[in-house]
Amino acid sequence: MRLEPVRPVSADPVPAAPAAAPSTVPDHGPGRALKESKRRVRVRSRMLTGLFTLAILYTCYFAQVVLIPIALALLLNLLLAPVVRGLKRYCRLPEGVGAAVVLLTLVAVVVGTTYGLSGPATNWFAQLPVAMFEVRDKVEALRKPVKEVQQAAKKVEDLAQGAKPDEQKPVQVAVQGPSLSRIFLDGAVTIIAGLVVMIALLYFLLASGDTLLRQAVSIAPRLSDKRRVVEIARETEDDISYYLLTVSMINAGVGVAVGTAMFLLGMPNALLWGVMAGLFNFVPFLGAVTGISIVALVALLTFDHPWSILLPPLSYLFVMFLEAQFVTPAVLARRLTLNPVAVFLALIVWTWMWGIAGALLAVPLLATFKICCDHVEPLQPIGTMLGR
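Rules and cut-offs
Residues numbered from 1 in each chain as written. Predicted model: local features only at pLDDT ≥ 70, side-chain atom pairs only at ≥ 80, totals over all residues. Heavy atoms only, no water. Helix = DSSP H or I, 4+ residues; strand = E, 2+ residues; numbered from the N terminus. Contact = heavy atoms within 4.5 Å. Areas by Shrake-Rupley, 256 points an atom, 1.4 Å probe, with all protein chains shown as cover. Core = buried A, V, L, I, M, F, W, Y, C linked by side-chain atoms within 4.5 Å. Buried < 20%, exposed > 50% of the residue type's maximum accessible area, 1.4 Å probe, protein only. 1 Å grid on protein atoms, 1.4 Å probe; cavity = no way out; pocket = protein on both sides within 12 Å on 5 of 7 lines; lining within 4 Å. Points joined across faces, edges and corners; volume = space filled by probe spheres on them. Nonpolar A, V, L, I, M, F, W, Y, C, P; charged D, E, K, R; others polar. pLDDT = per-residue confidence, 0-100. Axes fitted to C-alpha atoms, helices over the stretch in contact; angles between N-to-C directions. Parallel < 35°, antiparallel > 145°, perpendicular 65-115°, else oblique. Left-handed = near helix turned anticlockwise from the far one by under 90°.

K.L.:
Residue-level account of the overall build of the protein, with values.
P.N.:
From N to C terminus, the protein includes 13 helices and zero strands. Tracing the protein from N to C terminus, the helices and strands come up as α-α-α-α-α-α-α-α-α-α-α-α-α. Excluding contacts between residues fewer than 6 apart, the proportion of contacts in the protein whose partners are at least 24 apart in sequence is 69%. When the accessible surface of the protein is totalled, it reaches about 27,200 Å², and 70% of it is carbon and sulfur.

K.L.:
Can you tell me about the nonpolar core, naming the residues and giving the values?
P.N.:
Core analysis: the largest hydrophobic core is formed by 28 residues, its most contacted members being Tyr243, Leu338, Trp350, Trp354 and Leu366. Only helix H2 (64–90), helix H8 (223–264) and helix H12 (340–375) provide two or more residues apiece to this core. Counting residues per element, this core draws most heavily on H12, which supplies 15 residues. Residues contacting Trp354, with those up to four places away along its chain left out, are Cys60, Gln64, Leu67, Ile68, Ala71, Leu361 and Leu365. Counting 24 residues, the second largest nonpolar core, distinct from the first, contains Met267, Met276, Ile292 and Ala299.

K.L.:
Before we move on, can you summarise the layout of surface pockets with the specific residues and values?
P.N.:
The space that makes up the second largest pocket amounts to roughly 1,600 Å³. Taken together, 44 residues line the second largest pocket, and the ones lying closest to its centre are Leu365, Leu366, Thr368, Phe369 and Cys372. Mapped onto the lining of the second largest pocket, the elements with two or more residues apiece are helix H1 (30–62), H2, helix H6 (180–208), helix H7 (211–219), H8, H12 and helix H13 (380–386). At eleven residues, H12 tops the list of elements feeding residues into the lining of the second largest pocket. For the lining of the second largest pocket, the class distribution of residues is 31 nonpolar, seven polar and six charged.

K.L.:
Break down the confidence of the model for the protein for me, citing the residues and quoting the values.
P.N.:
Summing up the model confidence of the protein, the mean pLDDT is 80 and the portion of residues at 70 or higher is 77%. Of all helices and strands in the protein, the one with the weakest mean pLDDT is helix H5 (residues 140–160) (62), whereas helix H9 (residues 270–280) scores best (93). A low-confidence stretch, residues 163–167 stays under pLDDT 50, and its non-local contacts, those more than four residues away or across chains, total three contacts.

K.L.:
Outline the packing of H2 against helix H3 (residues 95–126), listing residues and values.
P.N.:
As a packed pair, H2 and H3 sit with axes 9 Å apart at the nearest point and diverge in direction by 130°. Considering the angle they form, H2 stands oblique to H3. Relative to H3, the crossing made by H2 is right-handed. Note on element contacts: H3 touches H2 through Glu95, Gly98, Ala99, Val102 and Leu106, opposite Leu80, Val83, Val84, Leu87 and Lys88. Of the residues belonging to the contact of H2 with H3, the class tally is seven nonpolar, one polar and two charged.

What follows is the structure, encoded as structure tokens:
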């Protein structure tokens with residue numbers, strides 16, 4: 001009897017279990033709570049940063065009498081500190097003596113230049129009322145059509161309002177305020193006090209040398225942190241000093257070029273306009289526009305021929321074009337150049353807060369802030385945005 005092998009009974013395959021549908025129930029576990037907490041912390045941190053920035057701006061606005069001399073002293077310290085260290089290294093002068101020599105030289109140059117240019121500047125200011133009448137006579141032919149249009153528009157406006165021109169009588173309004181001499185006296189006292197504070201603080205900063213840096217290094221907990229503090233301080237100071245010195249030399253070159261051009265074109269007091277061009281070049285955009293306008297006004301008062309009137313402002317404009325497009329980018333390179341939008345905004349903000357002093361300090365302060373951001377890792381994105 002032969003046994004047949006048993007065959008397995010065929011059965012339908014067991015269907016696989018369907019995949020679990022994704023849960024639509026929101027996650028209320030600790031992970032979601034932690035994410036929400038981090039998001040709220042970031043929002044609060046940004047709000048606090050904005051409030052802190054506004055507080056700084058308001059403080060700078062209301063304390064400008066105190067902060068302007070301090071800002072000037074800090075910037076001049078960054079510019080002159082390498083000179084004091086050079087005197088100590090090569091001439092064996094102590095830091096206190098070197099600081100006194102540098103400050104006395106700086107004060108002598110500023111006072112001598114101011115005294116030498118005060119006479120021509122005073123004469124031009126004294127002639128300004130008469131000069132305005134001369135300018136009015138020269139441009140009367142151009143003003144006459146515009147004046148006629150204004151008078152016609154005024155008549156149309158009077159007719160639209162239902163009143164005759166001779167029925168409207170001007171209202172006399174008397175505004176009382178401090179006298180002009182009192183305003184000038186208060187301004188002179190404030191400026192002199194600010195200069196005294198700036199010179200005293202600048203001397204102490206230059207004479208102290210590396211005292212502040214050594215104190216900052218002593219606060220750092222670890223040796224690596226101490227080295228990092230020294231590296232950041234030295235690199236930042238070198239870059240800022242290089243920037244300020246380079247910009248000052250470029251502006252001095254602009255002053256020499258403009259003064260030479262004015263002398264060759266026969267402009268009176270060419271040295272005055274050269275110094276004015278060098279100082280105004282510290283203020284981007286507005287400085288060049290103001291300087292060209294003043295030179296055009298002086299040329300209009302001095303010359304009669306159209307080409308003689310046009311050549312001085314055109315020469316000034318040509319010098320500024322060469323400086324902005326070729327000299328400054330080539331000397332400062334791309335690393336130390338600033339974003340024009342950031343420069344314009346800084347100029348508006350600092351001029352609103354500190355007036356003329358703010359306009360002069362806007363670009364140096366912005367450049368100093370950018371260089372500091374470039375050397376501090378958490379602030380490097382801000383430095384990148386401020387550059388080109």
